[in-house]
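Next come the chains, spelled out residue by residue.
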Amino acid sequence: MENTVSDPTRMTLTDEGPALVTGPVEIELPDGRRVRSDRPVTALCLCRRSRRWPICDTSHRTKVRETPKDETDEEDDPC
Amino acid sequence: MLTATGAPAPPTPRGPVSEVVVDALRGGPVRTVEPGDPYGDDLQLALHCCYELHYRGFAGVPADLEWDPALLTLRRELERTFLAALRAEVPAGDDVDAEVAALLVEPRGPHVRGVSHHLRRAGELWQLREYVTHRSIYHLKEADPQAWVIPRLTGAAKAGLVTVEHDEYGGGRPEHMHATLFAEMMRELALADTYGAYVDRVPGVTLAEVNLMTLCGLHRELRGASVGQFAMVELTSSPGSERLVRGMRRMGLGEAAVRFYDEHVEADAVHEAIAAHDLAEGLARTEPELMGDILFGGAALLELEGRFARAVLSAWDAGASSLLPPACG
């Protein structure tokens with residue numbers, strides 16, 4: 001993920017997920033709108049399912065409808 | 001309760017083990033004591049106190065107590081008890097690809113139990129404030145427990161970890177630091193944002209998760225487990241943050257309150273890709289013998305998360321607080 005002055009911008013394509021781009025980046029959308037991300041690495045949505053498109057929100061994940069018998073208590077937490 | 005240096009006062013003991021440790025913080029001798037229940041309030045608070053000496057210490061406690069041999073000996077015994085319980089509880093795995101793939105499946109529907117699911121659907125403001133109170137133990141030192149492991153990694157795993165940590169620390173901007181964003185959210189929710197302010201209010205099940213992070217961070221032997229638990233946090237975080245954002249908006253909270261979890265939806269979408277690919281797989285490539293520990297670290301964190309969620313939800317189901325009552329006097 002290194003990105004020094006002499007290095008080209010690196011874009012990493014993941015299997016089913018987003019494209020990771022070293023930033024900061026400005027993304028121009030088809031309607032001319034520009035979205036800016038100042039993070040060191042930005043995840044760009046390629047599947048178009050993101051509620052925050054063009055930024056990935058992990059909506060590409062497979063979703064499974066859970067039945068009452070199959071409860072889980074596992075909790076997810078931000079880091 | 002705070003000194004100018006930001007160190008909190010030592011907490012109130014919850015049993016014989018934490019009493020020995022708190023006595024030691026106040027200059028007493030380190031007496032011999034049985035560790036007791038590995039997940040219990042007493043052991044977890046004792047371990048928390050031992051670990052805080054490595055972070056910010058306590059008001060009025062000499063900094064060099066961090067390396068007190070008697071206290072370190074007791075800490076080691078508590079760690080062994082905690083670790084043995086986790087090793088017995090958590091099934092051993094050996095297939096990192098399968099485990100990651102399983103985590104990337106998102107359960108949906110009205111029957112999914114979980115604290116963030118509840119807060120999104122029907123949680124009340126007092127429950128959100130309790131959740132944030134529990135989480136403050138970690139988030140006010142967010143990314144710190146994992147920083148210990150940096151010098152123990154090389155190559156892609158090290159670069160991956162540092163990329164994520166750099167982002168957690170605000171990418172060089174203190175005002176963007178995640179711990180700072182969390183403190184701002186606490187103030188918006190009329191909670192005290194001072195470091196350690198709620199240690200006396202959170203149960204052992206809350207302290208245990210952060211203790212696991214520090215345990216794995218401080219021991220080079222457990223570097224695989226540290227990477228595994230960190231990758232697990234990153235892999236499971238983004239959808240949970242999204243649910244919390246939606247819950248908070250439903251409660252009518254403003255952008256200043258929502259910002260912390262909102263930031264984590266996008267940040268952790270990046271982190272999960274780096275954590276799975278560069279960090280966990282990177283370490284497994286350079287040190288294949290650590291595969292079992294990488295999986296153990298992730299599974300142990302999930303086990304503790306499950307215990308936390310069950311404790312919080314069962315209290316709320318009964319209409320009760322999930323926190324300990326405030327101290328009298």
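Preceding block: the structure.
The text that follows walks through the structure, step by step, so that each part is easy to find. (Residues numbered from 1 in each chain as written. Chains lettered and ligands numbered in written order. Predicted model: local features only at pLDDT ≥ 70, side-chain atom pairs only at ≥ 80, totals over all residues. Heavy atoms only, no water.)

1. Things to note about the overall build of chain A
- Across its full length, chain A carries zero helices and six strands.
- Burial analysis of chain A (79 residues in total) assigns 46% to the buried set.
- Considering only residue pairs separated by 6 or more positions, chain A has 19% of its internal contacts joining residues 24 or more positions apart.
- Counting every atom, chain A has about 4,900 Å² of accessible surface; 47% of that belongs to carbon and sulfur. (Helix = DSSP H or I, 4+ residues; strand = E, 2+ residues; numbered from the N terminus. Buried < 20%, exposed > 50% of the residue type's maximum accessible area, 1.4 Å probe, protein only. Contact = heavy atoms within 4.5 Å. Areas by Shrake-Rupley, 256 points an atom, 1.4 Å probe, with all protein chains shown as cover.)

2. Here's the deal with the environment of Ala7(B)
- By secondary structure assignment, the location of Ala7(B) is in the segment before helix H1 (16–25).
- Residues Ala7(B) and Val100(B), spaced 93 residues apart in sequence, show a C-alpha to C-alpha distance of 38 Å.

3. As for a nonpolar patch on the surface
- Nonpolar side chains collect at one region of the surface, where Met11(A), Leu13(A) and Leu46(A) lie side by side and expose about 350 Å² of accessible area between them.
- For Leu13(A), the position within the fold is in strand S1 (residues 11–13). (Patch = residues over 30% accessible without salt bridge, like charges linked within 9 Å, V, L, I, M, F, W, Y side chains within 5 Å. Salt bridge = Lys/Arg side-chain N within 4 Å of Asp/Glu carboxyl O.)

4. Considerations on empty space enclosed by the protein
- Within this structure, the stated rule accounts for three cavities of 30 Å³ or more.
- Put simply, the second largest cavity is a space of about 50 Å³. (1 Å grid on protein atoms, 1.4 Å probe; cavity = no way out; pocket = protein on both sides within 12 Å on 5 of 7 lines; lining within 4 Å. Points joined across faces, edges and corners; volume = space filled by probe spheres on them.)

5. Considerations on the nonpolar core
- Counting 80 residues, the largest nonpolar core has Phe82(B), Val115(B), Val132(B) and Tyr261(B) as the members making the most contacts within it.
- Residue contributions to this core peak at 10 residues, all from helix H13 (residues 291–317) of chain B.
- Sequence-distant contacts of Val132(B), defined by excluding residues within four places in its chain, comprise Phe182(B), Met185(B), Met186(B), Leu189(B), Leu191(B) and Tyr261(B).
- Counting residues in each nonpolar core, the second largest holds 23 residues, with Val41(A), Val149(B), Leu283(B) and Ala284(B) among its members. (Core = buried A, V, L, I, M, F, W, Y, C linked by side-chain atoms within 4.5 Å.)

6. Some remarks on the side chain of Thr206(B)
- Mapped onto the fold, Thr206(B) is located in helix H10 (residues 204–218).
- Assessed through its relative accessible area of 4%, Thr206(B) is described here as buried.

7. As for the pairing of strand S3 (residues 25–28) of chain A
Residue and element names in this part refer to chain A.
- On S3, burial follows the alternation: Val 25 and Ile 27 on one face are buried, whereas Glu 26 and Glu 28 on the facing-out side are not.
- Relative to strand S4 (residues 34–37), S3 runs antiparallel, the two being bridged by four bridges. The residue of S4 that forms the bridge with Val 25 is Ser 37.
- Between S3 and S4, which pair antiparallel in sequence order, lie five residues; one of them, Gly 32, sits at a positive phi of approximately 90 degrees. (Pairing = 2+ DSSP bridges.)

8. Focus: the environment of Ala327(B)
- Considering the arrangement of structural elements, one finds Ala327(B) in the segment after H13.
- Taking the C-alpha atoms as reference points, Ala327(B) and Arg201(B), separated by 126 residues in sequence, lie 8.4 Å from one another.

9. Quick look at a negative patch on the surface
All names here are of chain B.
- On the surface, Asp 94, Asp 95, Asp 97 and Glu 99 cluster together to form a negatively charged patch.
- With respect to the secondary-structure elements, Glu 99 resides in helix H4 (residues 96–103).
- Residue classification places Glu 99 among the partly exposed residues on the basis of a relative accessible area of 37%. (Lys, Arg positive; Asp, Glu negative; His and termini not counted. Charge placed at Lys NZ, Arg CZ, Asp CG, Glu CD.)

10. Quick look at the packing of helix H6 (residues 125–139) of chain B against H13(B)
All names here are of chain B.
- For the pair H6 and H13, interaxial distance at closest approach is 12 Å and the crossing angle is 150 degrees. Judged by the inter-axis angle, H6 sits roughly antiparallel to H13. Relative to H13, the crossing made by H6 is right-handed. For the pair H6 and H13, contact is made by Trp 126, Gln 127, Glu 130, Tyr 131, His 134 and Arg 135 and by Glu 305, Phe 308, Val 312 and Trp 316, respectively.
- Split into classes, the residues belonging to the contact of H6 with H13 amount to five nonpolar, two polar and three charged. (Axes fitted to C-alpha atoms, helices over the stretch in contact; angles between N-to-C directions. Parallel < 35°, antiparallel > 145°, perpendicular 65-115°, else oblique. Left-handed = near helix turned anticlockwise from the far one by under 90°. Nonpolar A, V, L, I, M, F, W, Y, C, P; charged D, E, K, R; others polar.)

11. Examining the layout of surface pockets
- Within this model, the largest pocket holds a volume of roughly 640 Å³.
- Considering the residues around the largest pocket, the lining is formed by 25 residues, among which Thr14(A), Asp15(A), Glu16(A), Val100(B) and Leu104(B) are closest to the centre.
- Taken together, the elements giving at least two residues each to the lining of the largest pocket come down to S1 of chain A together with H4 and helix H12 (255–286) of chain B.
- If you tally residues by element for the lining of the largest pocket, the top one is H12(B), at six residues.
- Considered class by class, the residues forming the lining of the largest pocket number 12 nonpolar, six polar and seven charged.

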